[in-house]
Amino acid sequence: MRTRSSSLLLFGATGDLARRMLLPSLFGLDRDGLLPERMRIIGTAHTTLDDAGFRRSVTDALEQHGEIGRSSSDDMARFLSRLSYVQLDVRDPRQFETLAESVGRTDEPIAIFLSTAPSLFSQTIMGLADAGLAGESSRLALEKPLGSDFASSCAINDVVANAFSEARTFRLDHYLGKETVQNLIALRFANALFEPLWNARGIEHVQITVSETVGLEGRAGYFDGMGSLRDMVQNHMLQLLALVAMEPPGRFEPTAVRDEKVKVLRALRKVGPRDSVTGQYVAGAIGGAAVAGYAEELGKSSDTETFVAIKAHVDNWRWKGVPFYLRTGKRLPVRRSEIVIQFKQIPHSIFGDAPIQANRLVIELQPDENIRLLMMAKQPGLDRSGIRLRQVPLDLGVTDAFADARRRIAYERLLLDLIEGDPTLFVRRDEVEAQWTWIDAIRAGWTTSVTTPRPYAAGTWGPSAAIALAERDGVSWHE
Ligand code: BG6
């Protein structure tokens, strides 16, 4: 039986992710009575603070994120009473003893969340182990980036594995916590309708787009040198692809689901030189407002891509010959994440010349959650000059259908799963390694072919070569 954690150690508790996502998520869970009754949350960071100062800083973070107005003072008081703080320099092993004292009984289940720079992971994990905080009942959650290539990711995973078994390691990909991403699993495996067509016989191609309007957002230190391929494709987009392409798992449980995903990731074909396009935004406009180019934001020129489009293939029976077009970029015209399943055309039309568009399933992950199946229907009329057909959407309207359900941010789900010890929506080591193997080969190809990003104006859909990548197969990106 899975045990619920009696304490949560949050490393990097004063950092940006903790303030924007983790603490508001924990607060939301607590308000809804979902946290274990006596679970304590111990924040640690390098910043000098005492318990009272930490509670003030958390109150301030909740205020900034609009949580306080929605809550009662009792909610607030209960949450704050869970919090304490240990100032910690992870480079000093002795300071972990103070942390262990603060935790108290280390044989009780502890959830540990590392929301710090990966360069600190190794010392943190050794410090935890030496202080007896990495015992059989402790679980460790890690935020990306877990390395910048296969080798560095292995190095991090090896350090983790020295102290935490794989079953106790929870690698986060926040896309897996998104409601619509899980809905994709429900759509595929709770409906009989799609599965018979969900293969190369029924599907022409798949598109996965994650477009963002934001630029560097002050993250130059991390993003420059990393680029969109490693920031977005290596993790979020490959996880989406794996969920679309995987075989039905026997059950919705951690091993079965992750076994199926990793098979897909290992079946990804090496991307040829013509099958990827990179770009970097130059000055342009988004939503009518002028925005600077990447190099201007950065203050220097750079070869880092802020856009990438890839034509991928999954080499197995199910997906033989079906291209998966992936694209992601910063400073694109809209913020939108979606998966488009383009079904094949009907084999023969009985309607003469009346144009018929093939069915298309559009799964919108954000900003709106929506699933639409585009179908052909007859236009009303007496049809004296022949039947007229039109494509109309069959709309699942997820937001309306479940209007009474509160939409939770991805981290709420993932934090609760961590606290309860359910790793289904976390990424296993073999998946991460398969992802990096594929990504490293793409980067090696770029080095060999001396690929540098092509400029695109901010507010456009990337370089024209990305449009050509799809169009030479007769495919248009869904916009
Ligand atoms: C992060 C990337 O993992 O995902 C960011 O590092 C990106 O660059 C973000 O902006 C996008 O997440 P979401 O949930 O806003 O789509």
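Residues numbered from 1 in each chain as written. Predicted model: local features only at pLDDT ≥ 70, side-chain atom pairs only at ≥ 80, totals over all residues. Heavy atoms only, no water.

(A) Main features of the sheet that holds strand β3 (residues 83–87). The 6 strands lie next to each other as β3-β2-β1-β4-β5-β6, forming an open sheet whose pairing is parallel. The open sheet terminates on both sides in strands that have one partner only, identified here as β3 and β6 (169–171). Strand-to-strand twist in this sheet, taken as the mean axis angle between neighbours without regard to direction, amounts to 20°. Pairing between strand β1 (residues 7–11) and strand β4 (residues 110–114): 5 bridges, direction parallel. Bridge assignment links S7 to a residue of β4, and that residue is I110. Here helix α2 (residues 51–64) sits on the sheet and contacts β2 (40–45) and β3; the angle it forms with β3, its principal contact strand, is near 115°. (Pairing = 2+ DSSP bridges. Helix = DSSP H or I, 4+ residues; strand = E, 2+ residues; numbered from the N terminus. Axes fitted to C-alpha atoms, helices over the stretch in contact; angles between N-to-C directions. Contact = heavy atoms within 4.5 Å.)

(B) Representation of the pattern of salt bridges in the model. One pass over the full model with this rule turns up 32 salt bridges. Note that E136 is salt-bridged to R168, the shortest N-O span being 3.7 Å. Of this pair, E136 sits in the loop between α5 (121–130) and β5 (138–142) while R168 sits in the loop between α6 (150–163) and β6; the two residues are 32 residues apart in sequence, bridging distant segments of the chain. Classification of R168 by relative accessible area gives buried; the value is 8%. The salt bridge partner of R472 is D275, with a shortest N-O separation of 2.9 Å. On the criterion of sequence distance, the pair formed by R472 in the segment after α15 (464–471) and D275 in the loop between α10 (254–266) and β8 (276–282) is long-range, its members being 197 residues apart. Relative accessible area serves as the criterion here: at 37%, R472 is assigned to the partly exposed category. (Salt bridge = Lys/Arg side-chain N within 4 Å of Asp/Glu carboxyl O. Buried < 20%, exposed > 50% of the residue type's maximum accessible area, 1.4 Å probe, protein only.)

(C) Structural detail: the nonpolar core. Formed by 91 residues in total, the largest nonpolar core has its most connected members in V233, F324, L361 and W438. Of all the elements, helix α9 (residues 227–245) adds the most residues to this core, at 11 residues. Once residues lying within four places of it in the same chain are set aside, the contact partners of V233 are S228, L238, V308, I310, L326, T328, W438 and I439. V86, L88, F121 and A131 belong to the second-largest nonpolar core, a separate cluster that totals 26 residues. (Core = buried A, V, L, I, M, F, W, Y, C linked by side-chain atoms within 4.5 Å.)

Don't take any of this as a statement about function, it's just geometry.
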